[in-house]
Amino acid sequence: MDELFFEIKVQNLSKKFPGVQALKNLNMLLRSGEIHAIVGANGAGKSTFAKILSGVYSEYEGEIEINGEKVNLNSPQKAFEYGISTVYQEVDTALVPYFTASENLFLFKQKNNQNNLFVTQKDFSKKAKVILNNLEIKIDFNLDSFVSNLSVAEKQLLLISKALIYGSKFIIFDEPTASLGPQDVAALFETIRSLKKRQIGVLYISHRMPEVFNIADKITVFRDGMKIDTFDKDKTNVDTVVRAMLGEKNQFTHVHHKEIKNNFDEVVLKVKKLYVENKLGPLSFDLKKGEILGITGLIGAGKTELLKALFGVEKSQTCEICLENNEIRKIKNPQNAINNKIYMIPEERRKEGLIVGEDVKWNLMLPNFKEFSKLGIIKSKAIENTSIEFIQNLKIKCYGPNQLVKNLSGGNQQKTVIAKWLIKEKLKGAKVIIFDEPTVGIDIGTKEEIYQLVEKIAETGIGVIYASSDIDEILRISDRIIVMFRGQIEGILNRKEATSEKILNLATGGHQVNKTL
């Protein structure tokens, strides 16, 4: 047999969590030199399948064969020994935050290197630069930086680099482009195609149809834990694949641009001279009641930093903020923002928006316990009833308020984050709700549900700030659009004049336009 040949055969694979059948009698064949994409709605079982192959979930039913040999992938190390590496969507689960980037790259090798127990940071950095250069991987950040100081995109690139350094025979990419800009995506695809040329097998999990049809050879659709069908990329189309994903005629295949119905007059938030050293500004803009203000730009443009400054997470050096004509100078911390009825759904939901080891009910109450207690006594019945109400209203798929959040799909985790702030809004009101990349890693159907939810929030008169690097999404949801470039506002476009071309030109700094309010 060719030493480059690598085949993974899965037979009758099943996996069950409490109350959830994640995979059911799955049969798959994955081969070297082939880019095999898996698509499916949230909760379809895509990430569960990836975690079984990578050894994270050691208990499962069914059989896995590698090159005809039955194997038990009962740990990540065992999967690695068989030549399987994984780049996860949740980047922080696979990195050590208080180690540098270069130390993270060689952590496993150094652990098993008994002949060279004493190395310096300089040794790691030098070795990393040489290997990454040989692999033609472009890293723009400092390899001596601690991982905790890297952005989501930089952490993602670090994980991809780590998988390549170990010379894996099969690499699983779980939503690898979720936090990458167009230029980084193009570079990643070049790398993946080079892996294919070297007969490395690739399993590519994504919700982004253009990417799947760009990079994949085969496309397998999962739905409700089952394999529905496998298509040759060149013999199918997006509509066919999406219909297989949803199990019904797809009504969300094309992006429907939002209709402008409201005339926004009253300003709810006015920001002047917002400046964060070496990151932002100075920036000035306003948000009107009932308006959805989109913010977009490429990775590193400053979207997340801007939103965190508005919520008091990022410290600004100068800023003047007026909330409904009341000057509050600047938001000092998140509690200060909440007291002023400004709420935020963060980009990294698992890290910053949820306590994944707790249940849905607990997470829904995180900012609301004060309203559900009296004299230190928790109102358990009221908490239970409110949790059930919002689970039903937002269609959160779980068996009840007591289900652990870590066992929910990405889309249902995101709905949980949104729900906790809607509970706060119901109890205390809201003036501004901030959404930072709320649909990253979420399937088409759930995306549309979130779009409709955001629009309903705005219809109540709440000002909405909605940040996304997906231009189609920004065009779909926004009334006005702020385009950022290198920490500055490059342009503000009315929805009627905004196009993909105009936004992309501004986002790349390639074109100057008049800024309109």
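Parameters at a glance
- Along each chain, numbering runs from 1 in the same order as the chain's sequence is written.
- Only residues with pLDDT of 70 or above have their local features reported here, since the model is predicted, and side-chain atom pairs are shown and tallied only from 80 upward, although totals for entire chains, interfaces and linings are computed over all residues.
- The side-chain numbers reported here are obtained from all heavy atoms of the structure, hydrogens and water having been left aside.
- Note on conventions: DSSP H or I runs of at least 4 residues are helices, E runs of at least 2 residues are strands, and numbering of each starts at the N terminus.
- For the exposure calls, accessible area comes from a 1.4 Å probe over protein chains only, and a residue counts as buried if that area is under 20% of its type's maximum, exposed if over 50%, partly exposed in between.
- Contact definition: two residues touch when any of their heavy atoms are within 4.5 Å.
- Areas reported as accessible are Shrake-Rupley estimates using a 1.4 Å probe. Residue values count occlusion only from the protein chains shown.
- Strand pairing follows a simple DSSP-based rule, namely that at least 2 bridges must link the two strands.
- The angle between two axes is taken between their N-to-C directions and runs from 0 to 180 degrees, where each axis is a line fitted to C-alpha atoms and a helix contributes only its stretch in contact.
- As a per-residue measure, pLDDT reflects the predictor's confidence and takes values from 0 up to 100.
- Any Lys or Arg side-chain nitrogen located within 4 Å of an Asp or Glu carboxyl oxygen qualifies as a salt bridge.

> For this particular structure, what's the right way to read the overall build of the protein chain?
For the protein chain, the count of helices and strands is 18 helices and 22 strands. For the protein chain, with 517 residues in total, the buried portion stands at 53%. Long-range pairs, those at least 24 residues apart, make up 65% of the contacts in the protein chain between residues at least 6 apart in sequence. Summed over its atoms, the accessible surface of the protein chain is roughly 24000 Å², and 47% of this surface lies on carbon and sulfur atoms.

> I'm lost on the sheet that holds strand S7 (residues 170–174) in this one. Help?
By definition, the strands of a sheet pair up through backbone hydrogen bonds, in either a parallel or an antiparallel sense. With mixed pairing, the six strands of this open sheet are ordered in space as S6-S7-S8-S3-S9-S10. Bordering the open sheet on either side are strand S6 (84–87) and strand S10 (226–232), each of which pairs with just one other strand. Adjacent strand axes in the sheet meet at a mean angle of 20°, parallel and antiparallel pairs treated alike. Judged from the four bridges that link them, strand S3 (residues 35–40) and strand S8 (residues 201–205) form a sheet pairing that is parallel. The partner of His-36 across the bridge, within S8, is Leu-203. Running over the sheet, helix H6 (residues 152–165) touches S6 and S7 and is turned about 170° from S6.

> Even after reading the chapter, I still don't get the confidence of the model for the protein chain, so can you show me in this structure?
Atom-level detail of predicted coordinates should not be read off regions where pLDDT is low. Looking at the protein chain as a whole, the pLDDT averages 83, with 89% of positions reaching at least 70. Note that residues 249–257 has pLDDT below 50 and, in this model, 15 contacts with residues that lie over four places away or in other chains. Note on residues 511–517: pLDDT under 50 across the span, and 18 contacts to partners over four residues away in sequence or across chains.

> Would you take a moment to explain the sheet that holds strand S5 (residues 69–71) for this structure?
Spatially, S2-S1-S4-S5 is the arrangement adopted by the four strands of the open sheet, whose pairing is antiparallel. The open sheet has two edge strands with one neighbour each: strand S2 (20–31) and S5. Taking each pair of neighbouring strands and ignoring which way they run, the sheet shows an average axis angle of 25°. Here strand S1 (residues 7–17) runs beside S2; their pairing, made up of eight bridges, is antiparallel. Considered in S2, the bridge of Glu-7 is made with Arg-31.

> Explain the pattern of salt bridges here, please?
Two side chains of opposite charge can pair, provided their charged atoms sit close to one another. Under the criterion given, the structure shown has 22 salt bridges. Among the salt bridges present, the one from Arg-480 reaches Asp-286, with a minimum N-O distance of 3.0 Å. With Arg-480 in strand S21 (residues 480–485) and Asp-286 in strand S12 (residues 280–288), this pair connects stretches of sequence that are 194 residues apart. A residue is classified by how much of its surface remains accessible, and Arg-480, at 6% relative accessible area, is buried. Taken together, the salt bridges that share partners define one network made up of Lys-270, Asp-286, Lys-288, Glu-291 and Arg-480.

> Explain the pairing of strand S14 (residues 318–323) here, please?
Along a regular strand, successive side chains alternate from one face of the sheet to the other. Residues Cys-319, Ile-321 and Leu-323 point to one face of S14 and are all buried, whereas Thr-318, Glu-320 and Cys-322, pointing to the other face, are not buried. Here five bridges tie strand S11 (residues 267–276) to S14, and the two strands are oriented antiparallel to one another. Its bridge partner being in S14, Lys-270 is matched across the sheet by Cys-322.

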